[in-house]
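# Structural overview for review
Each chain, letter by letter, is given below.
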Amino acid sequence: MSIIKKVEFLLKTYSYYKPFHIKGGISAQSTDIEVKIKCEDGTIGFGEASPSFRVNGEKPEMIMTMEDFCQQTLIGQNVKEYRKIFQITDKLFAVPSLKAAIQYAVLDAFASYCQMEVYQILGGATKSIKTDKTVGIETLDNRIKEVKDIVGQGFDVIKIKVGEDVKQDIEFMTSIKDLIKDKKIIVDANMGYSVKEAINFANSTYKAGIDIDVFEQPVYMTDFEGLKSVRYNCPFSVAADESAKTKFDVFRLLKDDAVDYINIKLMKSGISDALSIVEIVKSSNKKLMIGCMGESSLGINQSVHFALGTGAFDFCDLDSHLMIKEEEFRGKFKQKGDEIFVD
Ligand SMILES: [Mg+2]
């Protein structure tokens, strides 16, 4: 029987190999919550919440207090009727990472019940994606060394964090110009620039001969007008990340003509809104990327199967599991360099 009989939460803390510095904070650890759903026939589904206070205002302790509520609400539900469970969990506005973890665990259990993989339940569009790797904010020398390492590892797409000091950021970009000339480049300011700083950054790098494929979240999350101003006054495609949490945010961003790309993260939207966002963005002839918070391999697995199943993404930024120490790899996927795939 595919009826849920048990829901369990498990708090887990992972250390980063080295502190990860972006605009707005330095992370030495990531605390995630594993969600385990067990059905009457013994079928098990796993999900993971990676709460972000910076983006969602969530704390791991908030998630853990929801365990009793989730048991009361989910026990007795049938994973074969997962849209019913999505409707219930769409109410978890204050804890979107938990919404993602439960919705994925339900799909994982349903897929096991059907003897299928989640990416097949979601459409089976492709069996392989490529991920980028991220350069955090560090000293100029360390940033350059990191870029060299990532190029050496064979990654075709490099994500570069900026947003704390526009002058230093321009100097850094100019100094890696030759290193990255054959690479695709995503620059993420994590809301750190003013509109003027963002336009200055983009135009200065452009004049220096650097091509940026995606300029992500240059200004604060609520400043949709600002995103639009940057988009209209710089030569690069602009993406919303922190601005784009729910399907309603994305609808407004596109209606306002504010961005070229939406960065979907399951931790902001859950599976249900992420599925809607894919269709809204495609209908608007805009483009999609998919990103992550501080997920372990268990949590990255969710975004990997979402990306494989929908086949909707021009860029995949799914590298948090490469940055944290784990005793056991939990993904139902394989990885060779920048290629992530299933058999
Ligand atoms: Mg981002």
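These lines cover the structure that appears in this document, whether it is placed above or below. All of these numbers come straight from a predicted model, not from anything done at the bench.

With that out of the way, let us pick up the sheet that holds strand 9 (residues 238-240). The 8 strands lie next to each other as 5-6-7-8-9-10-11-12, forming an open sheet whose pairing is parallel. Lying at the two open borders of the sheet, with one neighbouring strand each, are strand 5 (133-135) and strand 12 (315-316). Contacts from helix 10 (residues 224-232) reach strand 8 (214-216) and strand 9 within the one sheet, and its direction differs from that of strand 9 by about 160 degrees.

Counting 98 residues, the largest nonpolar core has I160, M173, F201, F215, I262, F306 and F313 as its most contacted members. Broken down by element, this core gets its largest block of residues, 11 residues, from helix 5 (residues 96-113). Shared between two domains, this core takes at least three residues from each, and those domains are domain 1 (4-115) and domain 2 (128-341). In contact with F201, not counting residues within four places along its chain, are V162, V166, D169, I170, M173, V187, Y193, I212 and F215. Of all hydrophobic cores here, the second largest spans 7 residues; its members include V157, A239, Y261 and M289.

Now for the pairing of strand 6 (residues 157-161). In terms of residue burial, strand 6 counts as a mostly covered element, since 5 of its 5 residues are buried. Both faces of strand 6 are covered, namely the face carrying V157, K159 and K161 and the face carrying I158 and I160. Sheet analysis places strand 5 next to strand 6, joined by 3 bridges and oriented parallel. Paired with T134 across the two strands is K159, which belongs to strand 6. Read from strand 5 through helix 7 (residues 140-152) to strand 6, the crossover connection turns out right-handed. Examined bridge by bridge, strand 6 and strand 7 (residues 184-188) share 5 bridges and lie parallel to one another.

Bringing the coordination of the magnesium ion into the picture now. Protein coordination at the magnesium ion: the donors are D188 (OD), E216 (OE) and D241 (OD), at 2.1 to 2.3 Å from the metal. Along the chain, the residues donating to the magnesium ion fall in the pattern D-x27-E-x24-D. Taken together, the residues span a long stretch of sequence, with D188 in strand 7 and D241 in the loop between strand 9 and helix 11 (247-255) at a distance of 53 residues. A single burial state applies to D188 and to D241, both of which are buried.

Here is what the cut-offs are and how they apply
- Residues numbered from 1 in each chain as written.
- Predicted model: local features only at pLDDT ≥ 70, side-chain atom pairs only at ≥ 80, totals over all residues.
- Heavy atoms only, no water.
- Pairing = 2+ DSSP bridges.
- Helix = DSSP H or I, 4+ residues; strand = E, 2+ residues; numbered from the N terminus.
- Contact = heavy atoms within 4.5 Å.
- Axes fitted to C-alpha atoms, helices over the stretch in contact; angles between N-to-C directions.
- Core = buried A, V, L, I, M, F, W, Y, C linked by side-chain atoms within 4.5 Å.
- Buried < 20%, exposed > 50% of the residue type's maximum accessible area, 1.4 Å probe, protein only.
- Domains from an automatic or database assignment.
- Right-handed = clockwise from strand over helix to strand, strands pointing away.
- Donors = N, O, S within 2.8 Å, 3.2 Å for Na, K, Ca; no water.

In short, geometric facts, not functional conclusions.
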